[in-house]
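Chain residues, written in single-letter form:
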Amino acid sequence: GQSLEQPSEVTAVEGAIVQINCTYQTSGFYGLSWYQQHDGGAPTFLSYNALDGLEETGRFSSFLSRSDSYGYLLLQELQMKDSASYFCAVRDGTSGSARQLTFGSGTQLTVLP
Amino acid sequence: GAVVSQHPSWVICKSGTSVKIECRSLDFQATTMFWYRQFPKQSLMLMATSNEGSKATYEQGVEKDKFLINHASLTLSTLTVTSAHPEDSSFYICSADGERYNEQFFGPGTRLTVL
């Protein structure tokens, strides 16, 4: 089976930097993805790491260490609109479809003025 | 970017009735679509993988006779919740694979409330 752990809640102020960690246990591994979901909305793709290292996309960066089964999402210059739930997800390839995603429990980020 | 639509966006029905939810890829073809269920303040749980032209693959614990999935074309998958009960009330979200390996596009979700 597979499991992912991430903090349930994080609070920060506007302009700050916040890091959301994710540790995973999977039988196989094809990559770690991050999704943002606002209340009542659909998940939107933020980033994907298949190899070790840092991927940067604007204010958001994502890091992966395959040897540690660990990754994180880094959000810089926080804005109020960043208040949302953030999910890490793995593609583990153990099922018939290697593209299946297993999601973590989600981290609720609250950005305060 | 690729767009996935769902219809309806919300539905309220009586217990015992059946509800059909449509998932469409609007500007690309999707041989594989996924159906998720999400309860309030919880994560997305994969229910089934829908493959065009073949039977869906259901996750453990998901009743295939209750949640009927049909993927009749490369742009449309449907989920029918049969004999719905209040415990089936949830947010149902579909997704479709994009062309690149790491891409998966999500629909806006359907809020089902069973009275």
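Residues numbered from 1 in each chain as written. Chains lettered and ligands numbered in written order. Predicted model: local features only at pLDDT ≥ 70, side-chain atom pairs only at ≥ 80, totals over all residues. Heavy atoms only, no water.

Novice: For the overall build of chain A, give the residues involved together with the corresponding values.
Specialist: The helix and strand inventory of chain A stands at zero helices and 11 strands. Relative to the 2.2 N^0.38 estimate, which gives 13 Å for 113 residues, the radius of gyration of chain A is 14 Å and therefore close to what a compact globule would have. Taking the principal axes of its C-alpha atoms as reference, chain A extends roughly 45 × 30 × 20 Å. A total of 113 residues make up chain A; the buried ones form 49% of that total. Once local pairs closer than 6 in sequence are excluded, the contacts in chain A between residues at least 24 apart make up 57%. Summing over all exposed atoms, chain A offers an accessible surface of approximately 5,100 Å²; the carbon and sulfur share of this is 47%. Positive and negative side-chain charges in chain A, numbering 5 and 11 respectively, have mean positions lying 10 Å apart. (Helix = DSSP H or I, 4+ residues; strand = E, 2+ residues; numbered from the N terminus. Rg over C-alpha atoms; globule rule 2.2 N^0.38 Å. Buried < 20%, exposed > 50% of the residue type's maximum accessible area, 1.4 Å probe, protein only. Contact = heavy atoms within 4.5 Å. Areas by Shrake-Rupley, 256 points an atom, 1.4 Å probe, with all protein chains shown as cover. Lys, Arg positive; Asp, Glu negative; His and termini not counted. Charge placed at Lys NZ, Arg CZ, Asp CG, Glu CD.)

Novice: Would you mind going over the state of the cysteines in detail, with residue names and values included?
Specialist: Considering all chains together, one arrives at two disulfides over all chains under this definition. Each sulfur in the disulfide pair Cys22(A) and Cys88(A) lies 2.1 Å from the other. Between Cys22(A) and Cys88(A), the disulfide has an S-S torsion of 75° and is therefore right-handed. Highlighted residues: Cys22(A) in strand S3 (residues 18-25) and Cys88(A) in strand S9 (residues 84-91), separated in sequence by 66 residues. Note on Cys22(A): relative accessible area 0%, which makes it buried. Between Cys23(B) and Cys94(B) runs a disulfide, and the two sulfur atoms are separated by 2.0 Å. Between Cys23(B) and Cys94(B), the S-S dihedral sits near 80°, and the bridge is therefore right-handed. (Disulfide = S-S within 2.5 Å.)

Novice: Please give an account of the nonpolar core that cites residues and values.
Specialist: Formed by 24 residues in total, the largest nonpolar core has its most connected members in Trp35(B), Phe67(B), Leu79(B), Tyr92(B) and Leu112(B). Where this core is concerned, the elements lending two or more residues are strand S2 (10-13), strand S3 (19-25), strand S4 (32-38), strand S5 (45-51), strand S7 (67-73), strand S8 (76-81), strand S9 (90-97) and strand S11 (110-114) of chain B. In this structure, Leu4(A), Phe29(A), Cys88(A) and Leu109(A) belong to the second largest nonpolar core, which totals 22 residues. (Core = buried A, V, L, I, M, F, W, Y, C linked by side-chain atoms within 4.5 Å.)

Novice: Outline the interface of chain A and chain B, listing residues and values.
Specialist: Listed per partner, the contact involves 20 residues of chain A and 24 residues of chain B. Across the chain A to chain B interface the summed buried area is about 1,700 Å²; carbon plus sulfur atoms make up 50%. The interface formed by chain A and chain B includes zero salt bridges. At the junction of chain A and chain B, the tally comes to four residue pairs in polar contact (both at pLDDT 80 or more). Those elements that provide at least two residues to the side of chain A that touches chain B are strand S4 (31-37), strand S5 (44-49), S9 and strand S10 (101-103) of chain A. Classifying every residue of the side of chain A that touches chain B by side-chain character gives 10 nonpolar, seven polar and three charged. (Buried area = accessible area lost by both parts, 1.4 Å probe. Salt bridge = Lys/Arg side-chain N within 4 Å of Asp/Glu carboxyl O. Polar contact = N/O pair within 3.5 Å; in protein donor to acceptor, adjacent residues only side chain to side chain. Nonpolar A, V, L, I, M, F, W, Y, C, P; charged D, E, K, R; others polar.)

Novice: Quick one: what's the story with the pairing of strand S7 (residues 60-65) of chain A, residue by residue and with numbers?
Specialist: Residues and elements named next belong to chain A. When you tally the buried positions in S7, you get five out of six residues, the bulk of the element. Judged from the five bridges that link them, strand S6 (residues 53-57) and S7 form a sheet pairing that is antiparallel. By the bridge assignment for S7, Gly 53 is matched with Leu 64. Linking S6 to S7, which pair antiparallel, is a turn of two residues; within it Gly 58 sits at a positive phi near 65°. Where S7 folds back onto strand S8 (residues 70-75) in an antiparallel hairpin, the turn is made up of four residues, including Ser 69, whose phi is positive at roughly 50°. (Pairing = 2+ DSSP bridges.)

Novice: Account for the environment of Glu59(B), naming residues and giving values.
Specialist: Take Glu59(B): it is sitting in the loop between strand S6 (57-58) and S7. When its relative accessible area of 25% is taken as the criterion, Glu59(B) is described as partly exposed. When neighbours within four sequence positions are excluded, Glu59(B) is seen to be in contact with Gln100(A), Leu46(B), Met47(B) and Ala48(B). Among the polar contacts made by the side chain of Glu59(B), one reaches the side chain of Gln100(A) at a distance of 3.3 Å.

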